[in-house]
Structures are given as structure tokens and as C-alpha cells.
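Listed here are the chains, written in short residue letters.
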Amino acid sequence: MRGAVLVLRAIAAREALRFVRQRERFVAALVRPLVWLLVFAAGFRAALGMSIIPPYQTYVTYETYIIPGLCGMILLFNGMQSSLSLVYDREMGSMRLLLTSPMPRWWLLVCKLIGSTLISILQVYTFLVIAALFGITMPLAGYVAVLPALFLAGLMLGGLGLALSSFIQQLENFAGVMNFVIFPMFFLSSALYPLWRMAESSEILHDICAFNPFTHAVEMIRFALYAQVNFGAMAVTCAAGMVFLALALWGYDPARGMIRRKG
Amino acid sequence: MSGIEARDLSFSYGTKQALSAVSFDVAAGEFCALLGPNGAGKSTLFSLLTRLFTAPQGSIKIAGADLATRPRAALAQMGVVFQQTTLDLDLSVRRNLSYFAALQGIGGKDAARRIDAALDQLNMRERADEKARNLNGGHRRRAEIARALIHDPKVLLLDEPTVGLDVAARQGLVAHVHALAEAGLCVLWATHLTDEVRAEDRLIMLDQGRILKNGMAGDIAAGRPLTQVFLELTGAAQDAGVAL
């Protein structure tokens, strides 16, 4: 047990150190949602009217509406970023060092996941503080209640990144992930517009959005920011997280040999 | 007790057979050179021994522990130095070793004591607080070997550890690792350079996934230069048009 905690601490500390060394990554992770919040949302405020839907009890501005989606955006991009670093680690050999540890492989991968999720949460809170400075605030209790929701969503999206990293054989292929995973996942969700609006345009797109686990992660965060629990969204996020983690464990299984390199 | 017992190992990448029925033992206190040309299957064998891949056929025991059924016990007895450097160049040598100690479940004062002992063994104590980036290739390799010894393994695996090193650094490293074997460690040293093998070393010659020779290097060479024997056996001389 002590050994497992030591491994978690060491891997989390290493992720933190890597993050501190890559300051531009921190800035980029914040600039992206802030541009959406301060530029995109300002432009679309008038065009996109928000009706009163749970968890909101009154009309909210568009900026307020997209805050949970932008929190999700940070977690999503960070999850993919950490999968990029896993592919890099594998090419550079340090992943091999990790995988030859006598600790169970599933635990090593979970530690990686927890480490990168904690970094993502730190970025989300920084984003929420900056949003508050611009007058976009949530109920005080929401800032606390959102923590477990961010953790769950971060694990789910990090799990997706981990699973993808086991499939991606070369760093150069990572651009494809951006086009085929991140953008569809983000835009086909409730991050930028409520699902009822999507249904008005296309039922099929609405159904795809409703199926997208990122939608459920965003809704879970949205409710948590108002100190409420969306059990349905939480269940889907947990289930998707377990599926992604199982896929990652399968991908990194030495018998499957997805991490194979021709010797 | 045998340090490494490999039995009937086979492995393929799709239709390409990389290893065919490879069996060998390496005893405690033995320096065993795994010699083979590029593409012989050395790195594949290393990946199987370190459980990066699982052999679909055959078995591996490390210090008596079966790698398939008792992987934790087997990996805990194994120190590994990969061909590519796996140091975090922005961390000090000590912090690199400390990270690895944690991966082995070793922390606190015990880790500090073991790190100092491992660094002493490789004459690296005075470089402990330098960033890995500032070390030359030879010292980086030594730091990696020190790291591989932190948890007192019974088996040390090194996959072409001298790649990219100058002659002096290569010779120094070979001497260090021979000293470790003399102290009782079971060493498997993969290389494609015959000058790293001494006459008194065990030698396993691998080519195209098969063991060509397994015995004492001096016996295999039988008074002739080992390079010449190696080139003849692997057919590399004809391929390269070298006159023997």
C-alpha cells in the first residue's frame, strides 16, 4: 500500500514538474477558453438567447452558460495533451522505465491519469478565478462542489487520451487526433449551446450530442457549479471513464503489444 | 540459482518471425554478452525479458520468479538499462534516481541511503546534484546503471548501453559492469560490438532470431579473433563484402 502511494506521489510530482517547465502550455491552456469566453461569447450573446433550463433558475448570460463547457474544454485539451506526452514518452523510452516497475501496470497508468487530472483541475480553477475577475461568477458553494465533478470528468477525458496514446504509434499522427477526436467531441456537445437548440436545427445532431460523453461531463460540471448533482450525467461520465480506462489497459497490455516497436 | 532462465521463446511481428525457440540460462555472478548484428532480435528479447511484450510461447524466470505468473516478484529482481537514455535531462541525477526508487516502492531515508550506495558503486556521488543534461554520455550511462541498482536487483539487463559513447567511455562502462558481475550480479549485456566481450565472458550469439552459439567467448573464438568468428557465423562478412 505504501509503495502504491509512493508511486502515485512520484508520478504526480513528475507531471507537476513537467507542467511547471512548460509554462507556455499553461498559458495556452488558459488563453484558449478565455478567447472563447471574452471574444466568442461576447459576439454571440445577442444571437443565442438562453431559456431557463436546469440548473439555472433565471435567465443567464451566454458567458455564464458556456463557463462549464470551457471548463470541460480545458480538461479535454489537457487529456489529449497528456496523451501526446505519453506518445512522446514512449518514443523517448521513459514510458518503458515506468512500465518495468514492479507495481501493477493498471496502477501505474491510473497514477499517470490522476497526475494529469490534478494539473487540469488547477488550470480550471485558474480559469474560474479569471472569469470571476471579469464578473462571471458562480455560487460560492459551486466552486467547492465542482471539484469532484472536475476530477471525474478529468479522469474520463484523461482515460480517453490514455487509450488513444496506446493506438497512436507515432507522434506525427497526433494531428489526426485533434481533427477527429477533440473538435467533434467539443462542438458536438452542450458546451457552447444547449441541446434543445441543437434539436431545433437537426434531430440527428442532437442525438449525437446526447450520446457524446463530453456532453455529460459538461452537464455534470454545470450542475456541480450550482452545487447540484446531475446523477444521469455523472453515471454516463463514470461509465465512459471506465470504458476508456479498460481500453487503455487493454492497449498497454504486454500480451496485446500495442506498445510494440520492432526490435 | 540461475539469474535468468529463458525457455523456448518465440515472438513475431505479424508474419515476420523475430525470435525462434530461444533458450538460455545466465547464472548469478556471470557476465553474459548477447551478441548479434542489427535486427538479430536482441531488442525483442529485451522487451520480452522486461515484460514490455509477453511471449506467446515459452517462459522466462528471473531469479526463480516466473515473469508470466509472478511479474511483480520477477520485475522487482531486475534492473534495466535501455538502449535509449531514459533520464529526465532537466532533473538532477539524484532526483532521477529518487523518482525511480519511488517507482520501486522505495522512499524516505531508505531511498536516500540506497541512492548514495548506488552512486558510490558507479563513482557518481560527486555528480549527484548535477542536472543529467550537463553530464556527458558516459556519465549519463553510469547514472542509469546506478539507477538500475537502487533496489538491489539480482539481475541487470543492459540493451546496447554503449551506443553513442566514445572508446574511453565504452571501456570504462564495460569494466564497471564486469566488476558488478564479479560482485555476484547476473548481467545480460546486449551488444553488436565484439570488442566489448572478454574471453572469460559467457557469450550468446544471436542472428535472425536464433541462437547460433552459446558458451564461453574464449571457447567460441577458439584462438581466432572473435570479430572474424562473428562475421563468419552471421554471414555479415559476405553481406558486407568483407574479406576475412
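These figures come from a predicted structure and were not determined experimentally.

Visitor: Would you explain the overall build of chain A in this entry?
Guide: Broken down by element type, chain A carries 11 helices and 0 strands. Secondary structure elements in chain A, listed N-terminal to C-terminal, are α-α-α-α-α-α-α-α-α-α-α. Among the 263 residues that make up chain A, the fraction classed as buried is 54%. In chain A, of all internal contacts separated by at least 6 residues, the share reaching a separation of at least 24 is 78%. Surface exposure of chain A reaches about 11100 Å², of which carbon and sulfur atoms provide 71%.

Visitor: How do you make sense of the overall build of chain B when you look at a structure like this?
Guide: For chain B, the count of helices and strands is 9 helices and 10 strands. The globule rule puts the C-alpha radius of gyration for 244 residues at 18 Å, and the 18 Å found for chain B is close to it. Along the longest, intermediate and shortest principal axes, the C-alpha atoms of chain B span 55 × 40 × 35 Å. Split into buried and exposed, the 244 residues of chain B put 55% on the buried side. As displayed, chain B has an accessible area near 9900 Å², and 48% of this comes from carbon and sulfur atoms. Positive and negative side-chain charges in chain B, numbering 27 and 27 respectively, have mean positions lying 6 Å apart.

Visitor: Just checking my understanding: could you explain the side chain of Asn 212 of chain A for this structure?
Guide: All names here are of chain A. Inspection of the secondary structure assignment puts Asn 212 in the loop between helix 9 (203-211) and helix 10 (213-224). Here Phe 214 takes part through its backbone nitrogen, which lies 2.9 Å from a polar atom of the side chain of Asn 212. Once residues within four sequence positions are removed from consideration, Asn 212 is found in contact with Pro 184, Met 185, Leu 188 and Ser 189.

Visitor: Please clarify how a nonpolar patch on the surface should be interpreted in this entry.
Guide: All names here are of chain A. The grouping of Val 27, Val 31, Val 35, Leu 38, Val 39, Val 129, Leu 133 and Phe 134 at the surface amounts to a nonpolar patch, some 740 Å² of accessible area in total. Elements that contribute at least two residues to the nonpolar patch include exactly helix 2 (23-44) and helix 5 (105-133). You can see Leu 38 is positioned in helix 2.

Visitor: Got a minute to help me understand the UniProt feature "domain: ABC transporter" (unreviewed entry) in chain B in this structure?
Guide: This chain's UniProt record puts "domain: ABC transporter" (unreviewed entry) on residues 4-233 of chain B. The span residues 4-233 of chain B is 35% helix and 27% strand, and its two end C-alpha atoms sit 25 Å from each other.

Visitor: It is not clear to me how the packing of helix 5 of chain A against helix 11 (residues 231-251) of chain A should be interpreted in this structure. Could you clarify?
Guide: Packed helices, taken two at a time, are described by the angle between their axes plus the distance between the axes. Residue and element names in this part refer to chain A. Two numbers describe how helix 5 lies on helix 11: the axes approach to 10 Å, and their chain directions differ by 125 degrees. One way to sum up the angle between helix 5 and helix 11 is to call them oblique. For the pair helix 5 and helix 11, the sense of crossing is right-handed. Of the residues in helix 11, those touching helix 5 at Trp 106, Leu 109, Val 110 and Leu 113 are Leu 245, Ala 248 and Leu 249.

Visitor: Sorry if this is basic, but what is going on with helix 11 of chain A here?
Guide: Side chains that are three or four residues apart share a direction in an α-helix, a result of its 3.6 residues per turn. Residues and elements named next belong to chain A. With 21 residues, helix 11 ought to run about 30 Å at 1.5 Å a step, and its terminal C-alpha atoms sit 30 Å apart, in line with that. Burial in helix 11 covers these residues: Ala 233, Thr 237, Ala 240, Gly 241, Phe 244, Ala 248 and Gly 251. Here the buried residues of helix 11 occupy an arc of 105 degrees about the axis, which is enough to place them on one side. Turned more than 90 degrees off the buried face of helix 11, the exposed positions are Phe 231 and Met 242. Looking at the buried residues of helix 11, the elements they touch are helix 5, helix 6 (140-167) and helix 10.

Visitor: Just to check I follow, could you spell out the side chain of His 178 of chain B for this structure?
Guide: All names here are of chain B. Mapped onto the elements, His 178 comes out in helix 6 (residues 167-182). Engagement of the side chain of His 178 in a polar contact is seen with the backbone oxygen of Val 174, the distance being 2.9 Å. Not counting chain neighbours up to four residues away, the residues in contact with His 178 comprise Phe 31, Glu 196, Arg 198 and Asp 201.

Quick notes on the rules
Residue positions are given per chain, counting from 1 as you read along its sequence in written order. To read the labels, note that chains go from A and ligands from 1, taken in the order they are written. Two thresholds apply to this predicted model, a pLDDT of at least 70 for residue-level local features and 80 or more for giving and counting side-chain atom pairs, whereas whole-chain, interface and lining totals are computed over all residues. No hydrogens and no water enter the side-chain calculation; it runs on all heavy atoms of the structure. Labels follow the DSSP assignment, with helices taken as runs of H or I lasting at least four residues and strands as runs of E lasting at least two, numbered in each case from the N terminus. Note on exposure labels: buried denotes an accessible area under 20% of the residue type's maximum, exposed denotes more than 50%, and partly exposed covers the range between, all computed with a 1.4 Å probe on protein chains only. Contact criterion: two residues are considered in contact whenever any of their non-hydrogen atoms come within 4.5 Å of each other. Shrake-Rupley sampling with a 1.4 Å probe provides the accessible areas, and residues are treated as covered by the protein chains on show and by no other component. The quantity called the radius of gyration is restricted to C-alpha atoms. Its globule counterpart is 2.2 Å times the number of residues to the power 0.38. Positive charges come from Lys and Arg, negative ones from Asp and Glu, while His and the chain ends are left out of the count. For this purpose, a charge sits on NZ of Lys, CZ of Arg, CG of Asp or CD of Glu. Counted as a polar contact is a pair of N or O atoms within 3.5 Å, where, for protein atoms, one must be capable of donating a hydrogen and the other of accepting one, and residues adjacent in sequence contribute only when both atoms are in side chains. Patches were defined on residues exceeding 30% relative accessible area and lacking a salt bridge, with like-charge contacts within 9 Å and nonpolar side-chain contacts (Val, Leu, Ile, Met, Phe, Trp, Tyr) within 5 Å. A pairing counts as a salt bridge when a side-chain nitrogen of Lys or Arg comes within 4 Å of a carboxyl oxygen of Asp or Glu. UniProt positions are given in the numbering used here, feature names are shortened, and annotations may be inferred rather than shown by experiment. The angle between two axes is taken between their N-to-C directions and runs from 0 to 180 degrees, where each axis is a line fitted to C-alpha atoms and a helix contributes only its stretch in contact. Here the angle decides the label: under 35 degrees means roughly parallel, over 145 means roughly antiparallel, 65 to 115 means roughly perpendicular, and every other value means oblique. By convention the crossing between two helices is left-handed if the near helix lies anticlockwise of the far one by an angle smaller than a right angle, and right-handed if it lies clockwise. By this rule the span expected of a helix is its residue count minus one, scaled by 1.5 Å. Working note: the arc is built from the helix axis to C-beta atom directions.

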